[in-house]
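Below, each chain spelled out in residue letters.
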Amino acid sequence: MTISNKTLYIFDFDDTLITNRAVDLEAFNGVLVKHNLTLLTAQQLLALRKKGLVAESIFKMLTTDAVDRLVAERRALLNDIKIWKHAQLNTGVKSTLKKIKATRQPIVILTKKQSRLTKQILNALCIRTFIDSVYTSNEKHTVLSKIIQQYAPTKTVFVSDDVAEMQPMQALPVTLFCFENAYKNQTAMTDKLISSLENIL
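The text that follows walks through the structure, step by step, so that each part is easy to find. (Residues numbered from 1 in each chain as written. Predicted model: local features only at pLDDT ≥ 70, side-chain atom pairs only at ≥ 80, totals over all residues. Heavy atoms only, no water.)

**Some remarks on the overall build of the protein**
The helix and strand tally for the protein stands at eight helices and eight strands. Taking 2.2 N^0.38 as the reference for a compact globule, 201 residues should give roughly 17 Å; the C-alpha atoms of the protein span a radius of gyration of 18 Å, in line with that estimate. Viewed in the frame of its principal axes, the protein has a C-alpha envelope of about 60 × 35 × 25 Å. When the 201 residues of the protein are sorted by exposure, 49% land in the buried category. In the protein, the share of contacts with a sequence separation of at least 24, taken over all contacts with a separation of at least 6, comes to 65%. Just so you have it, the protein exposes about 10,200 Å², and 50% of that area is on carbon and sulfur atoms. Positive and negative side-chain charges of the protein, numbering 27 and 18 respectively, have mean locations separated by a distance of 6 Å. (Helix = DSSP H or I, 4+ residues; strand = E, 2+ residues; numbered from the N terminus. Rg over C-alpha atoms; globule rule 2.2 N^0.38 Å. Buried < 20%, exposed > 50% of the residue type's maximum accessible area, 1.4 Å probe, protein only. Contact = heavy atoms within 4.5 Å. Areas by Shrake-Rupley, 256 points an atom, 1.4 Å probe, with all protein chains shown as cover. Lys, Arg positive; Asp, Glu negative; His and termini not counted. Charge placed at Lys NZ, Arg CZ, Asp CG, Glu CD.)

Here it is in structure tokens:
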């Protein structure tokens, strides 16, 4: 598919198109309440995430129980569409997708999340009609190259909140934007930081 004189827009999903903060909190507390453990507040979880702590490390700080089991239970909650009712669109997402679609530019999502679940969340947030394709991969750098080859656009824009996955993409013919995320250290992308998706237009 060649899209000469077109811009291809590629978006990360979690904490880029949507904000996961409430989902993250509900997933932890759903497990903690089940095991009669003290619940986390939003402020406490934010502080822990800012330190770069993953779920396993956070559970280890809260209990001496079988942490592997708690991590697995949390993962199961995150794979259930019901918990994603707490997800919200990030600033400027719907208006920006609408503007892009009005000019008939292709929009795709590149995410580590399961394609089925991603599409369910897109439907729930009423933005599925703006998305042309959803690609799932843990090797985003490689897949991004393949997507560009497939569409052969004049210009490619990629937006994510994950600095680690974006850094190797700087060698590709891609315009990068880094969506602000209070959970992460994004100083390496300071000149590319945006606080609203509208900033990419």
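Additional details are given in the paragraphs that follow.
**A look at the packing of aromatic side chains**
Aromatic rings in a pair are described by how distant their centres are and how their planes are angled relative to each other. Going through the model one piece at a time under the given rule, you end up with two aromatic pairs. Here Tyr-9 and Phe-11 contribute two aromatic rings whose centre-to-centre distance is 6.4 Å and whose plane-to-plane angle is 10°, an arrangement assigned as stacked. Here the two residues Tyr-9 and Phe-11 agree in accessibility, since each one is buried. Residues Phe-28 and Phe-59 carry aromatic rings whose centres are separated by 5.1 Å and whose planes lie at 55° to one another, so their mutual orientation is tilted. Taken together, the positions of Phe-28 in helix 1 (residues 21–34) and Phe-59 in helix 3 (residues 55–62) put the pair 31 residues apart, joining distant regions of the chain. As far as burial versus exposure is concerned, Phe-28 and Phe-59 are alike and both buried. Over the ring of Phe-28 we find Arg-74, and its NZ or CZ is 4.3 Å from the ring centre. (Phe/Tyr/Trp six-rings, centres within 6.5 Å; stacked < 30°, edge-to-face > 60°. Lys NZ or Arg CZ within 6 Å of the ring centre and 35° of its normal.)

**Side note on the nonpolar core**
Core analysis: the largest hydrophobic core is formed by 31 residues, its most contacted members being Phe-11, Trp-84, Leu-97, Ile-131, Val-159, Leu-197 and Ile-200. Contributions of two or more residues to this core are made by strand 1 (3–11), helix 1, helix 5 (93–102), strand 4 (107–111), helix 6 (115–124), strand 6 (153–160) and strand 7 (175–179). Apart from residues lying up to four places away in sequence, Leu-97 is in contact with Phe-11, Ile-107, Ile-127, Phe-130 and Ile-131. Val-108, Leu-144, Tyr-151 and Val-163 belong to the second-largest nonpolar core, a separate cluster that totals 19 residues. (Core = buried A, V, L, I, M, F, W, Y, C linked by side-chain atoms within 4.5 Å.)

**Here's the deal with the pairing of strand 4**
Burial of strand 4 is extensive: five of the five residues sit out of reach of the surface. The alternating pattern of strand 4 places Ile-107, Ile-109 and Thr-111 on one face and Val-108 and Leu-110 on the opposite face, and all of these are buried. Bridging between strand 4 and strand 5 (residues 133–136) involves four bridges; their strand directions are parallel. By the bridge assignment for strand 5, Thr-111 is matched with Thr-136. The β-α-β motif built from strand 4, the intervening helix 6 and the parallel element strand 5 has right-handed crossover chirality. (Pairing = 2+ DSSP bridges. Right-handed = clockwise from strand over helix to strand, strands pointing away.)

**Concerning unusual backbone geometry**
One non-glycine residue, Asp-15, lies in positive phi territory at about 60°. Owing to a relative accessible area of 15%, Asp-15 belongs among the buried residues under this scheme. Of note, Arg-104 is a non-glycine position whose phi angle comes to about 65°, a positive value. On the secondary structure map, Arg-104 appears in the loop between helix 5 and strand 4. What makes Arg-104 exposed here is its relative accessible area of 71%.

**With respect to the environment of Asp-12**
With respect to the element layout, Asp-12 can be found in the loop between strand 1 and strand 2 (18–19). Between the C-alpha atom of Asp-12 and that of Phe-179, which follows or precedes it by 167 residues, the distance is 9.7 Å. If near-sequence neighbours (up to four positions away) are discounted, Asp-12 is found in contact with Leu-17, Leu-110, Thr-111, Lys-140, Phe-158, Val-159, Ser-160, Asp-161 and Glu-165.

Take it as geometry only, folks, not as evidence of what the structure does.
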